[in-house]
Amino acid sequence: SEGMESGFGSDFGSGGGGGGKLDPGLIMEQVKVQIAVANAQELLQRMTDKCFRKCIGKPGGSLDNSEQVRAGGATGNPRPPRSGRPLRLCVLQKCIAMCMDRYMDSWNTVSRAYNSRLQRERANM
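Residues numbered from 1 in each chain as written. Predicted model: local features only at pLDDT ≥ 70, side-chain atom pairs only at ≥ 80, totals over all residues. Heavy atoms only, no water.

We now examine the overall build of the protein chain. Counting secondary structure elements, the protein chain contains four helices and zero strands. Shown N-terminal to C-terminal, the secondary structure of the protein chain runs as helices and strands in the order α-α-α-α. Buried residues in the protein chain amount to 14% of all 125 residues. Taking all contacts inside the protein chain whose residues are at least 6 apart in sequence as the whole, residues at least 24 apart take part in 46%. Surface exposure of the protein chain reaches about 9,600 Å², of which carbon and sulfur atoms provide 57%. (Helix = DSSP H or I, 4+ residues; strand = E, 2+ residues; numbered from the N terminus. Buried < 20%, exposed > 50% of the residue type's maximum accessible area, 1.4 Å probe, protein only. Contact = heavy atoms within 4.5 Å. Areas by Shrake-Rupley, 256 points an atom, 1.4 Å probe, with all protein chains shown as cover.)

Shown next as structure tokens:
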């Protein structure tokens, strides 16, 4: 992000080498990139928060309690594992991965529908 910010600022200052004139197309592209980066960061933060709450919940002094409750429901195996901690960790990782996959799938579906609607609205103007 820091590299992008310094590149962003230096292009503005130099005007892209056009003798002090600002290139509106270049500025617009840079703004679009910055917006895309900010949106991606927000998406990742929301997804992380949601999946952390779903898969980990409210741990006590360690993750063992939360993992055990969620691991039992996720695996469908009532028998405790021989070496419980690694299995619970695997189940936790699987829960987070599946949650993130579902979140991204949902976000992509909503995004496609939104973009499609925007295109229809623009065509009707």
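Now that the structure has been shown, we can carry on.
Per the UniProt record, "domain: Tim10-like" (unreviewed entry) is annotated on residues 30-69 and 93-115. Along residues 93-115, the helical share is 100% and the strand share 0%, with 32 Å between the first and last C-alpha atoms. (UniProt positions renumbered as here; feature names shortened; annotations may be inferred.)

One pass over the structure, following the stated rule, counts three salt bridges. Salt-bridge contacts for K32 lead to E29; the nearest nitrogen and oxygen are separated by 3.8 Å. A residue pair is termed a helical-turn pair when its members lie 3 or 4 positions apart in one helix, as K32 and E29 do in helix 2 (residues 24-55) at three residues. With its nearest N and O atoms 2.6 Å apart, the salt bridge here joins R46 to E42. In this pair, R46 and E42 both sit in helix 2, four residues apart, roughly one turn of the helix. (Salt bridge = Lys/Arg side-chain N within 4 Å of Asp/Glu carboxyl O.)

Now for the nonpolar core. Judged by nonpolar contacts, L43, M47, C51, C55, I56, L92, C95, C99 and Y103 together constitute the single largest core of nine residues. The set of elements that each furnish at least two residues to this core consists of helix 2 and helix 4 (84-123). (Core = buried A, V, L, I, M, F, W, Y, C linked by side-chain atoms within 4.5 Å.)

As a further point, take a positive patch on the surface. On the surface, a cluster of positive charge is contributed by K50, R53, K54 and R102. Take the positive patch: its biggest share by element is three residues, from helix 2. Mapped onto the fold, K50 is located in helix 2. Note on K50: relative accessible area 41%, which makes it partly exposed. (Patch = residues over 30% accessible without salt bridge, like charges linked within 9 Å, V, L, I, M, F, W, Y side chains within 5 Å. Lys, Arg positive; Asp, Glu negative; His and termini not counted. Charge placed at Lys NZ, Arg CZ, Asp CG, Glu CD.)

This next bit is on the environment of I56. By the element assignment, I56 lies in the loop between helix 2 and helix 3 (64-75). Looking at I56, the relative accessible area reads 7%, which means it is buried. Remark: the alpha-carbon pair of I56 and L92, spanning 36 residues in sequence, is separated by 7.5 Å.

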